[in-house]
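Residue-level structure breakdown
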Amino acid sequence: MNQKLTLSIDSAAISRGKSYAKKNGRSLSSMVENFLLLLDDDTDALREQIPVSNKLMSLVGIAKGSTTEDDYKRHLMERYDAK
């Protein structure tokens, strides 16, 4: 059940929030609601319900794989030995 809530928030923060919400096809109320829901300790189920922007989704899996110290050394050797 939705319930009205009155908040006192800096006008600049409200403007930025509204702008961000508009760019992402959301309402400021839904963003505040989702933030408050994330404050709960049991957030796994809630995170599945919260819409994620396409920009954020494009980053999912970008850091897959393990990296070792040898990988980093090899990277440095390739980078600086090639010059």
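Residues numbered from 1 in each chain as written. Predicted model: local features only at pLDDT ≥ 70, side-chain atom pairs only at ≥ 80, totals over all residues. Heavy atoms only, no water.

**Quick word on the environment of G17**
Here G17 is to be found in helix α1 (residues 11–23). As a C-alpha pair, G17 and S27 span 10 residues in sequence and 9.0 Å in three-dimensional space. (Helix = DSSP H or I, 4+ residues; strand = E, 2+ residues; numbered from the N terminus.)

**Observations regarding the pattern of salt bridges**
Enumeration over the complete set of coordinates arrives at one salt bridge. A salt bridge links D71 to R74, with the shortest nitrogen-to-oxygen separation between them at 2.4 Å. Taken together, the positions of D71 and R74, both in helix α5 (residues 69–81) and three residues apart, correspond to about one turn of that helix. (Salt bridge = Lys/Arg side-chain N within 4 Å of Asp/Glu carboxyl O.)

**Notes on the confidence of the model for the chain**
Per-residue pLDDT for the chain averages 80, and the proportion of residues at 70 or more is 81%. Here helix α3 (residues 44–49) stands out as the least confident element of the chain, with mean pLDDT 61; α1 is the most confident, with 92. (pLDDT = per-residue confidence, 0-100.)

**Topic: α1**
The end-to-end C-alpha distance of α1 is 18 Å, a good match for the 18 Å that 13 residues give at a rise of 1.5 Å each. Between a side-chain oxygen at the N-terminus of α1 and the backbone nitrogen of A12 the separation is 3.0 Å; the capping residue is D10. Trailing α1 by a residue or two, G25 shows a phi angle of about 65 degrees, which is positive. (Expected span 1.5 Å × (residues − 1). Polar contact = N/O pair within 3.5 Å; in protein donor to acceptor, adjacent residues only side chain to side chain.)

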